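# Chain and residue survey
Each chain, letter by letter, is given below.
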Amino acid sequence: MTSSEEAFLKKLRAAFVGEAHEQIERISSGLSQLTSIADELARQVIIENTFRELHNMKGSARAVNLLTLEAVCQLLEDVFAELKREERKVTPRLMDVLHESVDSVSGVLTKLEADESFQESADLEGVLERLQKNLEISDKKSADHVRSEQSHSEPSRTEPSRSEQSRSEESRLEQSRSEQEQSIVELSRTETNEKQKSPDEKEESAESILNSFAFDPTWQESTTQGALQDALKTIPQGSPDSLLPGSHASSGLFSTPPQSFTTASTIDSTRESIRIPAARLDELLMRAEDMLSLKIMSRQHNHDLNNVGFKFDHYTRDLSKIYADVRAARQLIDRDLASVEELFIESVLGKVLEFLDLQQQQLSALSAQLTTLKTGSLNDYRVASSTVDTFLENTKKLLMMPASTMLELMPKLVRDLARELGKEIDLTISGSAIQLDKRVLAQVKDPLVHILRNSIDHGMEKPEARAESGKSPRGTLTISVLQQEGNTVEIVVTDDGAGINIERVKEIAVKNNLIDRQRADAMTDEEAIPLIFQSSFSTSSTISEISGRGLGLAIAKENIEHLGGRLIVESRRGLGTTFRIKLPVTVATFRGVLIKCSDEILIVPTSDMERLVKVKKEQVKTSDSGQTIEVDGQEVPFLRLNHVLELPTSPANSTHHLVMVLRHSEAKCAFEIDDVLEEQEILVKKLAKPLVRVRNVAGVTVLGSGKPSAILNVSDLLKSATKMAALKVRPETDKTPAAVKRILVVDDTITARILMKNILESAGYLIKTANDGAEALKLLEKEQFDLLVTDIEMPKMNGIELTAAVRERGQSVPIILVTSMTDQHFREKGTEAGADAFFVKSSFDQNNLLDVIKRLI
Amino acid sequence: MDTPFTKAEQENLQAMKRAVLKARARVLAKPHKRIEIKTDLIEVVEFILSGETYAVRTSDIREVHYLKDVTRVPSTPAFIVGVISLRGQIIVVIDIRRFFDLPQTELSVFNKVVIVEKGDVIVGFTADEVSGVRQIEQSTIQPSLATLAGKRAKFLRGITTDRVTILDVEKMLQDRELLVNEQVDN
């Protein structure tokens, strides 16, 4: 092969991998549905569709020379052919075998994606063998059939022979596709002819196919265009589902069950591609053309303005000329009126009058022109806003995808997790055809996955436990997408598990100092359930960066709120739990108030702003716990916004404070600001890397001036404010001698020891240091410590060994491991040895460390 | 010939002329320095920040811009100068001196921003002035000085003989210390 052909094959492979990922996802969800759907007719459709996907994938694999993959697809296709003819039955064992091989194929695809020259055969050879063996065992009835296949396909995998039936199946398929994917069909036809040829001849003609592609520069374009047209062409034959932008061309030919996952696109941005109906693009183009008139209009207005400017320049020039004459005349008159000739005065006066007459006319012309310009620009604004709004609306529609694009991953996830945890779960999904903005779908995926995991892990009981409480051993998990009024959608995740154990929730909340015992006892169930969303709520006893700090549901909730949505949980003991995710259909613009603080314009969501008031200086009350003001008869904490945001102080107004009262959930706080500008529509943009998450900031928006502006995260802001108020009180209580805690710092580098000592001592702790584990152990024998902070990598006895040794002696002193390595392995070992928290040096943030210490002692 | 010079003087003059021309020819005949082919050249953009000259490889640079309309982001570390909107894209602007924990010896004016890109991270480095593009022989780059211990040394490709600090953009942008990922804890 020449290098250009090789390059072409590479390109072709990349295209294949992208397509195959989508196919594999559909195949995988088809497999999951096979076990969950009871309706025979629907099952047949799924079998048919999956068979077709496998067949297509096999053909594509052959075209890009992935012969082992082709053989695997062939075997799987045969299984489905047998299922279709009802020669084989769906057994759990068979499903496991199928799932396993689909997973391996998926793995191979990922590797292919990462490395173009990756040899699929190495990974798939084993899969193929196992598949052949397993299929034999799993169903004896068709064993002969498979075996004969095997013996044929081994020597020349390029042309596996088939049973007569599957051959006829093949030709039927070729025909049905022929109208659809023209260029691909060409390939397939050639293939059909090739079946009579010898392997050698075939090799050659495969190359000639590639050549013919390589020399046809329009090839790629024609396929994509073709696919689009075909997608539209096939609509009449398909179910309403295939009208959706995501539906795959090949599924349009066959009626799809209403809830099947036939959408093509995945949300993974690394190989992002979406299918869009041509009609939507046409509409968009039309709107884009509308914008041309805006351009022409604005050029005209610029021309008009130049004209006015030119006239104005003229006027000023005339004025300055006449002014010079008048001034000269006045000087003469001032010096000696008598000597000035009357004739001269008359001539000057004449000039002035002439000028005034002329200007009278010109000014009224100018004024008329300005009026026209004013009306014109107002008109421009109207046209521009309607054009831009429609354009934006249409563009947003382009990004609308059925929820199924995100949900099709869930059956596999649920199946895998259930199996891992030894639970039996049926997943039902409904409403997956409802459309949402692709970006909303992408961002709600992780929270949804987290909620599902939570339901399976904590909600669902094991089969035995279910049987004991009189339930069916198989649990039911439902995901329903519901269209709500006013551009919102609700995703409801319901399980019929044990429900939330309120007593345990309260217990953990008390243990983590979220609430006190008294409050816990007084709480109703409705009040207690939201505790699970608290960021420090965790059932796990160790603290790691994310998992153990119980941030999971808190982050899920936060991410949903960032989308402008809400997360609500309802639970009934013994009956199950329901999570409701309320979402806007599209990435929301929201109403925001522009405020000024320390010379920056900041944005506060209008919905969080309760009041905006002017308060006299003397109305601010100062007490031990900070300042407060009275708003609507209620004492509210009062802080300066720039203090909370760590922005420089700006000069304060002498008599009044301008105060905004913010409210989020139950918390309320008053902040002093410098100024309020206006309220307007705000489009949120995510912060860019390296700003992953910033305290108190939800995102940015670009203002009309083109300058970015930070959008405040009110939930964070209120937490920060509470924290600041608390810090003000703390120093006095911390200074009492009884509160001094002793910490042992173990590290083999002197710099680290000194650094740590400084940080901790300035936080009011008493510090002792040790060089290594052995020295630390000696110190621990002699003295009492409230906490141990130790490096992991140390000579003699490392941190993990030290931890194990301390625990072995039965000492329960809290231990924090510090390391420069992020290796999960160390973390596991450390936790195993009995460490309470884990810190990575590279993310070393002293406040974070102090927070953890505070929590531990 | 009517000339004030004697014959000897004339000959002398001629000889001088020839010498001058020869010297000129020699200079002109010399291959231009820039045409010299050196294999280990790297091309960098130099910029000045608080009186020091830094350089980044041109291949790491997306563009250079006037720095205006930079918006401070509340509750961020000092090395984050703010964000700018570049054709609608939000880009974080970083003061590398503060990132390196260097003392602010001279006042910076931050006239320019050098937009660098590596992988999925795009950031802007503030600069007082961008002095231009030049080629540096890789063999003349010395590993960072011992005096530049700690944080800074980690992010340098080296220092040239004329004391230009060459930054390792890739290392900087992929370092975890650059990431800001903070929650408000309860």
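Keep in mind that what you see is a predicted model, and the values were worked out from it rather than measured. (Residues numbered from 1 in each chain as written. Chains lettered and ligands numbered in written order. Predicted model: local features only at pLDDT ≥ 70, side-chain atom pairs only at ≥ 80, totals over all residues.)

Attention now moves to the overall build of chain B. For chain B, the count of helices and strands is 4 helices and 11 strands. Counting every position in chain B, which comprises 186 residues, the buried fraction comes to 27%. Sequence-distant contacts in chain B: of pairs separated by 6 or more residues, those separated by 24 or more amount to 54%. (Helix = DSSP H or I, 4+ residues; strand = E, 2+ residues; numbered from the N terminus. Buried ≥ 20, exposed ≤ 12 C-beta atoms within 10 Å, placed from the backbone. Contact = placed C-beta atoms within 7 Å.)

The next point concerns the overall build of chain A. If you tally the helices and strands in chain A, you get 27 helices and 24 strands. The 857 residues of chain A split such that 33% are buried.

The next subject is the interface of chain A and chain B. Counting residues at the interface gives 34 residues for chain A and 29 residues for chain B. Listing elements by their share of the side of chain A that touches chain B, those giving two or more residues are β17 (691–693), β18 (697–702), β19 (708–712) and α22 (714–734) of chain A. If you tally residues by element for the side of chain A that touches chain B, the top one is α22 of chain A, at 4 residues. When grouped by side-chain class, the residues that make up the side of chain A that touches chain B number 14 nonpolar, 9 polar and 11 charged. In the sheet, β17 of chain A pairs with strand β11 (residues 180–181) of chain B via 2 bridges, with the strands oriented parallel. Note on β11 of chain B: the bridge partner recorded for Arg 693 of chain A is Asn 181 of chain B. (Nonpolar A, V, L, I, M, F, W, Y, C, P; charged D, E, K, R; others polar. Pairing = 2+ DSSP bridges.)

Attention shifts here to the sheet that holds strand β2 (residues 52–57) of chain B. Residue and element names in this part refer to chain B. Taken in spatial order, the 5 strands line up as β8-β1-β2-β10-β9 in an open sheet, and their pairing is mixed. Across the chains shown, the open sheet's two edge strands, defined by having one partner strand only, are β8 (129–137) and β9 (156–159). Direction aside, neighbouring strands of the sheet carry axes that sit 30° apart on average. One ladder, built from 3 bridges, connects β9 with strand β10 (residues 165–167); its direction is antiparallel. (Axes fitted to C-alpha atoms, helices over the stretch in contact; angles between N-to-C directions.)

All names here are of chain A. Taken in spatial order, the 5 strands make up an open sheet running β16-β8-β9-β19-β18, and their pairing is mixed. With one partner strand each, in any of the chains shown, β16 (675–683) and β18 form the two edges of the open sheet. Strand-to-strand twist of the sheet, defined as the mean angle between neighbouring strand axes without regard to direction, takes the value 35°. Pairing analysis gives 2 bridges linking strand β9 (residues 600–605) to β19, with the strands arranged parallel. When the bridges of β19 are listed, Ile 603 appears paired with Ile 711.

All right, on to unusual backbone geometry then. The peptide bond linking Lys 689 of chain A to Pro 690 of chain A adopts the cis configuration, its omega dihedral lying at 5°. Examined against the element boundaries, Pro 690 of chain A turns out to sit in the loop between β16 and β17. Even without glycine at this site, Glu 646 of chain A takes up a positive phi of about 60°. Residue placement: Glu 646 of chain A occurs in the loop between α21 (641–644) and β14 (656–664). The class of Glu 646 of chain A is partly exposed, set by 16 C-beta atoms lying within 10 Å. If you check the backbone angles, Arg 163 of chain B has positive phi at about 60° while not being a glycine. Along the chain, the position of Arg 163 of chain B falls in the loop between β9 and β10.

Right, let's get into the confidence of the model for chain A. Predicted coordinates in regions of low pLDDT should not be interpreted in detail. On average, residues of chain A score 74 in pLDDT, and 77% of them are at 70 or above. A low-confidence stretch, residues 728–738 of chain A (pLDDT under 50), is modelled with 6 contacts involving residues beyond four sequence positions or located in other chains. (pLDDT = per-residue confidence, 0-100.)

Right, let's get into the packing of helix α24 (residues 773–782) of chain A against helix α25 (residues 799–808) of chain A. All names here are of chain A. Look at α24 against α25: their axes get within 9 Å of each other, and the N-to-C directions meet at 25°. With respect to α25, the axis of α24 lies roughly parallel. The two elements α24 and α25 cross, and the hand of that crossing is right-handed. Along the contact surface, α24 presents Gly 773, Ala 776, Leu 777 and Leu 780, while α25 presents Gly 799, Glu 801, Leu 802, Ala 805 and Val 806. Partitioning the contact of α24 with α25 into residue classes produces 6 nonpolar, 2 polar and 1 charged. (Parallel < 35°, antiparallel > 145°, perpendicular 65-115°, else oblique. Left-handed = near helix turned anticlockwise from the far one by under 90°.)

Moving on, we get to helix α1 (residues 7–29) of chain B. End to end, α1 of chain B covers 32 Å across 23 residues, agreeing with the expected 33 Å (1.5 Å per residue, within 8%). With respect to burial, α1 of chain B is a largely exposed element, only 0 of its 23 residues being buried. (Expected span 1.5 Å × (residues − 1).)

Glancing now at the nonpolar core. Core analysis: the biggest nonpolar cluster contains 71 residues, and Val 604, Leu 662, Phe 671 and Leu 712 of chain A together with Ile 94 and Leu 167 of chain B have the highest contact counts within it. By residue number, the principal contributor to this core is strand β5 (residues 89–94) of chain B, which donates 5 residues. In contact with Leu 167 of chain B, other than residues within four places in its own chain, are Tyr 54, Ala 55, Val 56, Phe 155, Leu 156, Arg 157 and Met 172 of chain B. The next biggest cluster of nonpolar side chains, apart from the first, holds 42 residues, and it includes Met 406, Leu 448, Val 505 and Phe 579 of chain A. (Core = buried A, V, L, I, M, F, W, Y, C linked by C-beta atoms within 7 Å.)

Attention now goes to the packing of helix α14 (residues 410–420) of chain A against helix α15 (residues 438–459) of chain A. Residues and elements named next belong to chain A. Where α14 meets α15, the axes come as close as 10 Å, and the angle between the chain directions of the two elements is 30°. Between α14 and α15, the angle is such that the two are roughly parallel. Note on packing geometry: the crossing formed by α14 with α15 is right-handed. Note on element contacts: α15 touches α14 through Val 449, Leu 452, Arg 453 and Ile 456, opposite Met 410, Leu 413, Val 414, Leu 417 and Ala 418. Split into classes, the residues belonging to the contact of α14 with α15 amount to 8 nonpolar, no polar and 1 charged.

Residues and elements named next belong to chain A. Its place among the elements puts Gly 626 in strand β12 (residues 626–631). You can call Gly 626 partly exposed: it has 17 C-beta atoms within 10 Å. In this structure the C-alpha to C-alpha distance between Gly 626 and Ala 725, which are 99 residues apart in sequence, comes to 6.0 Å.

Another point: helix α2 (residues 40–63) of chain A. One turn of the α-helix equals 3.6 residues, which is why residues spaced by three or four share an orientation. Residues and elements named next belong to chain A. The terminal C-alpha atoms of α2, which comprises 24 residues, lie 35 Å apart, in line with the 34 Å expected from a rise of 1.5 Å per residue. The buried fraction of α2 is high, at 18 of 24 residues. Looking one or two residues beyond α2, the residue adopting positive phi is Asn 65, at roughly 70°.

Below, the discussion takes up the pairing of β2 of chain B. On any regular strand, side chains alternate: one points to one face of the sheet, the next to the other face. All names here are of chain B. Sheet topology places strand β1 (residues 41–49) next to β2; 6 bridges connect them, and they run antiparallel. Across the sheet, Val 45 pairs through a bridge with Val 56, a residue of β2. Counting the residues that bridge the hairpin from β1 to β2 gives 2 residues, and of these Ser 50 lies at a positive phi of roughly 45°. Examined bridge by bridge, β2 and β10 share 2 bridges and lie parallel to one another. Bridging across to β10, Tyr 54 finds its partner in Thr 165.

On to the environment of Asn 771 of chain A. Tracing the backbone shows Asn 771 of chain A in the loop between β21 (766–770) and α24. Along the sequence, Asn 771 of chain A and Pro 795 of chain A sit 24 residues apart, while their C-alpha atoms lie 9.0 Å from each other.

Looking now at the environment of Val 114 of chain B. Residues and elements named next belong to chain B. Looking at the element boundaries, Val 114 is found in strand β6 (residues 112–118). Residue Val 114 is classed as buried on the basis of its C-beta count, with 27 C-beta atoms lying within 10 Å. Residues Val 114 and Val 56 lie 58 residues apart in sequence; the distance between their C-alpha atoms is 9.3 Å. With residues up to four places along the chain from it excluded, the contact list for Val 114 reads Val 45, Phe 47, Val 56, Ile 61, Val 64, Gly 124, Phe 125, Ala 127 and Val 130.

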